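# Chains, contacts and geometry: an overview
Letter by letter, the chains look like this.
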Amino acid sequence: MILFHNVRILELEPPSVSEPTDVAVYESGEGDRAGTVAAIGPNLAVQYPTAKVAGEGGYLSAGLVCGHTHLYSALARGMLVDIKPSKDFAQLLDHLWWRLDRAIDPVILRSSALAGCSDALKAGVTSLVDHHASPECIDGSLSIIREAYEAVGVRGILCYETTDRNGMAGARAGVAENVRFAKEIDAIRVSSTKPLVEASIGAHASFTVGDETLEALADAVRSTGRGIHIHLAEDKFDAVDARHRFGKDPVERIDAVGALNDRSIIGHGVWLSPSEVEIMNARGAFLAHNARSNMNNSVGYNFLLPTFANVVLGTDGMGADMLEEFKFAVFRHRESQGPWWPGDFLKVLHRGNALIERHFAQDFAPGFPGFGTVRVGAPADLVLWDYDPPTPLVGDNIAGHFAFGMSSRSARTVMVAGSVRILDHRPLYDDATIQAEAREQALRLWKRMEER
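Here's what I pulled together on the structure shown here. (Residues numbered from 1 in each chain as written. Predicted model: local features only at pLDDT ≥ 70, side-chain atom pairs only at ≥ 80, totals over all residues. Heavy atoms only, no water.)

### Some thoughts on unusual backbone geometry
- A cis amide bond, omega -10°, links E13 with the succeeding residue P14.
- Tracing the backbone through its elements, the reader meets P14 in the loop between β1 (2–12) and β2 (15–17).
- Positive phi outside glycine occurs at H268, with the angle close to 80°.
- Position of H268 among the secondary structure elements: in strand β13 (residues 265–268).
- Taking relative accessible area as the criterion, H268 reaches 0% and is therefore assigned buried.
- At Q337, a residue that is not glycine, the phi angle is positive and equals roughly 65°. (Helix = DSSP H or I, 4+ residues; strand = E, 2+ residues; numbered from the N terminus. Buried < 20%, exposed > 50% of the residue type's maximum accessible area, 1.4 Å probe, protein only.)

In structure tokens, the structure reads:
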């Protein structure tokens, strides 16, 4: 048993802050209830005298979720590579990111995944939804990433970015890797083990996925029972290309082959039409909004954001700091004179848990409280925050504190599935080695990019 003593429980939806209390957690290995919240109330140390104390004081919340990222970009930070100037987004992909993904080998992949997962935990992020690409290292790539998740101790959803841009053999290999990995996760569940990682069926974007590959992806969605994870209309070109080449809007293409469902993740969606939003909402699909990446790539602003039913926040590979992403999402929306306020984006930040829950609910007893809450029976994906605000922090102003005060540096102790991964700001895994190896592999990656 693990105990958080004299903490204030911070809930994001509906927003609330409790009086000081104790929270006990069944740690991993403690039977069927392992990795869940065991009890909440005063003086739990008396009830559980042998419990290990993971923290005292501060604010305890459910862990944050990054709804769309690219862990391979963890080694791109400060990249020293000669990159041709790019006149538009398509050229940026060709000159930079597609050179990078072709340069990834198994060693670089493992290192980038470990570094990205570690960065996430340090920022209070307990779940990462990754969208991976490595055209010269496809087969088994998702298993390498899964092993990194497990080594660091992060929950998440993985997929391989299927695309036609490297030829049809590469496209078929991408579909096969998604299916292989989904079966791998199914086998883990058969062994009565709750996996930390789940699977999606990945694709790059409409403009790099032809009809033959899209049909194969739809078959993979149906055969595995998963959802598609794809960029759509990130740039205006993607939307125009779909209409010109296929006679349908991007979401219509996905829906027409039966690949859109309530586990689907649509990245960006900046240039989707109102009718496409309606289709996504009818199917229960998620839109992953990546405010900083959209700004960095100058692809435009999603003015339809308030009309999507299931908006979550992602970073598109720009780290995993979800409090920073929250701030950018708020401020960029305010600049666009949109109708949402910080409280609306607090709901969006919290909704990442609904995405995680749709993939992991089968691992918990029917009627469990769900992800994203600190209640008895809920998954013990928790963060203890060091935050001593100069103004009162109550349910009605949590969003204001997130937007104008609190930061990821406040994450003191982080737990995933009942296992403490960071204790008093100190990683309980070999983070020094992870960072040292990442610096070494970054240099290898950059050199391999120069050769391409």
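### As for the pattern of salt bridges
- Here the structure, examined in full by the defined rule, presents 27 salt bridges.
- A salt bridge links D105 to R444, with the shortest nitrogen-to-oxygen separation between them at 2.5 Å. Highlighted residues: D105 in the loop between α2 (89–102) and α3 (106–122) and R444 in helix α14 (residues 431–450), separated in sequence by 339 residues.
- Among the charged side chains, a salt-bridge network with shared partners connects R146, E150, E177, R180 and E184. (Salt bridge = Lys/Arg side-chain N within 4 Å of Asp/Glu carboxyl O.)

### Notes on the nonpolar core
- L128, Y149, M280, F326, L349, F402 and L445 are the most contacted members of the largest nonpolar core, which has 117 residues in total.
- Beyond its immediate stretch of four places on either side in the chain, F402 contacts L10, L12, L323, F326, K327, L346 and L349.
- V25, V37, L384 and M415 belong to the second-largest nonpolar core, a separate cluster that totals 15 residues. (Core = buried A, V, L, I, M, F, W, Y, C linked by side-chain atoms within 4.5 Å. Contact = heavy atoms within 4.5 Å.)

### Brief notes about the sheet that holds strand β8 (residues 125–130)
- Across the sheet, four strands lie side by side as β7-β8-β9-β10; this open sheet has parallel pairing. Each edge of the open sheet is held by one strand with a lone partner, namely β7 (64–69) and β10 (197–199). Averaged over neighbouring strand pairs, the angle between their axes works out to 15° when direction is ignored.
- The pairing of β7 with β8 spans four bridges and is classified as parallel. Opposite V65, over in β8, you have S127 as the bridge partner. (Pairing = 2+ DSSP bridges. Axes fitted to C-alpha atoms, helices over the stretch in contact; angles between N-to-C directions.)

### Details of the packing of aromatic side chains
- Applying the stated criterion across every chain, the model contains ten aromatic pairs.
- When the ring of F364 is compared with that of F368, the centres are 4.9 Å apart and the planes differ by 15°; the resulting orientation is stacked. Note on accessibility: F364 and F368 belong to one class, buried.
- Ring pairs connect the aromatic residues F360, F364, F368 and F371, which therefore count as one cluster. (Phe/Tyr/Trp six-rings, centres within 6.5 Å; stacked < 30°, edge-to-face > 60°.)

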